[in-house]
Amino acid sequence: MKRRTPAYINILIVLGLLLVVFYMFAQTSDFLTSKYFLGTAVISIIVVFIQTAIGDLIENEKFKKMTDEEKAAYLAETQIPYFKYLWNGAFKSQSEKEEKDMLIDHGFDGIMELDNQLPKWWLGLFYFGVAYCVLYVTSYFLTDFAHPYKEYDQEYKEQIAAVEDYMKTVPQATIETAKFSEDNVEEGKVIFQTNCVTCHGEGGKGGIGPNLTDGFWINQPEKTLFKNVFYMVENGSKNNPTMQAWGKNGVLTGNDIEKVAAYVYHINQEQAPITPAQGGAAPQGTEAHWEKSN
Ligand code: HEC
């Protein structure tokens, strides 16, 4: 008769598996206090006790039918501590007598074959692997669990939210603090290409919106060119809503406006104007006399 696994070990194994499976789906340890987890754990423990009780009954019946010799051998075996017994079963090679018992009768050329049982730990891992695989594959196809697209979406949203949170803490340039800097021109150009080029044309040569490279300006609310551009991008045009308030509407941050204004300053002051003869839009507004300092 085979020795049975003690109930407390079965309970530990079952609880261990439940922890793995619940964690797999919940991804946090919050489930530990949930009624679903606690309920499943209690029911599983009860099932283990029932299984142990039935096992005890069967064992008693079998024991009664044993010969005295078998009974003695079985009782001696139960004296060995369970883990030592397990260790022996897994790693100790069998005695010669045991080998004889499981010799298979198709030896050839003196080579004999033993009908060894697979080690318990190996079988345990194998069954666990099979169960895990079934669980994983079904949840992969039927639930959101471990779904790469869903996980990607989730992480993407979290990162965007984190970036937005971070942006709220970054000090933003205002019309008072913004300054022209040569270093911002490149980044400003990228912002211009993304947001402004459709109306103001390549290089600011004009189109739906005025030519930004010449000395004529419709709107001149500020005294210096750089601040004037900053003001216009932040507040838009009062006369013509086609030029929206990029800053006030929340499309561009103060730092973005500082950069794009640096680019507009650059194409206006540091490059030759694009004239109508070169494909630029005709001057609009009045000639501006900007104060020099930024
Ligand atoms: C949908 C078209 C459109 C877009 C996009 C646009 N603008 Fe304008 N913008 C205009 C129009 C039209 C005007 C002229 C407004 C007026 O008549 O007062 C203008 C005016 C301006 C002016 C003042 C020019 C002047 O002569 O008074 C500046 C500076 C300017 N835009 C910069 C930008 C920047 C920088 C961007 C990108 C962030 C941008 N605009 C995006 C249409 C646009």
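Residues numbered from 1 in each chain as written. Predicted model: local features only at pLDDT ≥ 70, side-chain atom pairs only at ≥ 80, totals over all residues. Heavy atoms only, no water.

Caption draft 1: Layout of the coordination of the iron atom of the ligand. The coordination sphere of the iron atom of the ligand contains the protein donors His200 (NE2) and Met243 (SD), at a distance range of 2.0 to 2.2 Å. In this structure, the iron atom of the ligand is coordinated by six donor atoms arranged in octahedral fashion, with angles at the metal of 87 to 178°. One end of the pair, His200, is in helix H9 (residues 197-200); the other, Met243, is in the loop between helix H10 (225-235) and helix H11 (254-269), with 43 residues separating them in the sequence. Overall, the relative accessible area of 22% leaves Met243 in the partly exposed class. (Donors = N, O, S within 2.8 Å, 3.2 Å for Na, K, Ca; no water. Tetrahedral: all angles 85-135°; square planar, octahedral: opposite > 155°, others 65-115°. Helix = DSSP H or I, 4+ residues; strand = E, 2+ residues; numbered from the N terminus. Buried < 20%, exposed > 50% of the residue type's maximum accessible area, 1.4 Å probe, protein only.)

Caption draft 2: Structural detail: the pairing of strand S1 (residues 103-108). In this structure, S1 lies alongside strand S2 (residues 111-114), joined through three bridges in antiparallel fashion. When the sheet's bridge partners are listed, Ile104 is paired in S2 with Glu113. From the end of S1 to the start of S2, which pair antiparallel, there are two residues, and Asp109 there has a positive phi angle of about 55°. (Pairing = 2+ DSSP bridges.)

Caption draft 3: View of the site of the ligand. With respect to spatial proximity, 21 residues lie near the ligand, and among them Cys196, Cys199, His200, Ser237 and Met243 are the closest. Within the side chain of His200, an N or O atom sits 2.7 Å from a nitrogen atom of the ligand. Asn219 is positioned such that a nitrogen or oxygen atom in its side chain is 2.8 Å from an oxygen atom of the ligand. Spatially, the ligand is embedded in the second largest pocket. Counting residues per element, the ones that place at least two in the shell around the ligand are H9 and H10. Here the residues of the shell around the ligand are counted per class, giving 13 nonpolar, eight polar and no charged. (Near = heavy atom within 4 Å. Polar contact = N/O pair within 3.5 Å; in protein donor to acceptor, adjacent residues only side chain to side chain. 1 Å grid on protein atoms, 1.4 Å probe; cavity = no way out; pocket = protein on both sides within 12 Å on 5 of 7 lines; lining within 4 Å. Sits in = over half its atoms within 2 Å of the grid points. Nonpolar A, V, L, I, M, F, W, Y, C, P; charged D, E, K, R; others polar.)

Caption draft 4: Quick peek at the packing of aromatic side chains. The full count for this structure, using the stated rule, is 16 aromatic pairs. Aromatic side chains Phe192 and Tyr263 sit 5.1 Å apart centroid to centroid with 50° between the ring planes, which places their arrangement in the tilted category. In this pair, Phe192 sits in helix H8 (residues 185-195) while Tyr263 sits in helix H11, placing the two residues 71 residues apart along the sequence. Ring-pair connections join several aromatic residues into one group, and the members of that group are Phe22, Phe31 and Phe37. (Phe/Tyr/Trp six-rings, centres within 6.5 Å; stacked < 30°, edge-to-face > 60°.)

Caption draft 5: Expanded view of the layout of surface pockets. Looking at the largest pocket, its volume works out to about 1900 Å³. Residue lining of the largest pocket: 44 residues in total, with Lys2, Tyr85, Gly89, Gln117 and Lys120 positioned closest to the centre. Put simply, the parts of the chain that give the lining of the largest pocket at least two residues each are helix H1 (7-26), helix H2 (35-65), helix H3 (68-79), helix H4 (82-91), helix H5 (96-101) and helix H6 (120-142). For the lining of the largest pocket, the leading source of residues is H6, giving seven residues. When the residues that make up the lining of the largest pocket are grouped by side-chain class, the tally is 20 nonpolar, 13 polar and eleven charged. In this structure, the second largest pocket encloses a volume near 540 Å³. Lining the second largest pocket we find 29 residues, and of these His200, Gly209, Pro210, Leu212 and Met243 sit closest to its centre. When residues of the lining of the second largest pocket are traced back to their parent elements, those giving at least two are H8, H9, strand S3 (216-217), H10 and H11. (Points joined across faces, edges and corners; volume = space filled by probe spheres on them.)

Caption draft 6: Spotlight on H10. Among the eleven residues of H10, eight are classified as buried, and the element is accordingly described as predominantly covered. Considered for burial, the residues of H10 that qualify are Leu225, Phe226, Lys227, Asn228, Val229, Phe230, Met232 and Val233. If you follow the buried residues of H10, they end up packed against S3 and H11. Gly236 sits one or two residues past H10 and shows a positive phi near 75°. (Contact = heavy atoms within 4.5 Å.)

Caption draft 7: Looking closely at the nonpolar core. Counting 28 residues, the largest nonpolar core has Phe192, Trp217, Phe226, Val229 and Val233 as the members making the most contacts within it. Elements that contribute at least two residues to this core include exactly H8, H10 and H11. A per-element tally of this core places H11 first, with eight residues. Grouped together as the second largest cluster of nonpolar side chains are five residues, Phe22, Phe31, Phe37 and Ala41 included. (Core = buried A, V, L, I, M, F, W, Y, C linked by side-chain atoms within 4.5 Å.)

Caption draft 8: Focus on the environment of Tyr263. Taking the relative accessible area as the measure of exposure, Tyr263 reaches 5% and is therefore buried. Between the C-alpha atoms of Tyr263 and Lys157, which are 106 residues apart in sequence, the distance is 31 Å. If sequence neighbours within four positions are ignored, Tyr263 has contacts with Val185, Gly188, Lys189, Phe192 and Gly203.

Caption draft 9: How the structure looks around the side chain of Thr52. Residue placement: Thr52 occurs in helix H2. Judged by relative accessible area, Thr52 falls into the buried class, the value being 14%.

Caption draft 10: Up close: the packing of H1 against H2. Here H1 crosses H2 at 150°, and the two axes come no closer than 10 Å. In terms of orientation, H1 lies roughly antiparallel with respect to H2. Of the two elements, H1 crosses H2, and the hand of that crossing is right-handed. Only Tyr36, Phe37, Thr40, Ala41, Ser44, Ile45, Val48, Phe49, Gln51 and Thr52 of H2 make contact with H1, whose side of the interface consists of Ala7, Asn10, Ile11, Val14, Leu15, Leu18, Leu19 and Phe22. Partitioning the contact of H1 with H2 into residue classes produces 13 nonpolar, five polar and no charged. (Axes fitted to C-alpha atoms, helices over the stretch in contact; angles between N-to-C directions. Parallel < 35°, antiparallel > 145°, perpendicular 65-115°, else oblique. Left-handed = near helix turned anticlockwise from the far one by under 90°.)

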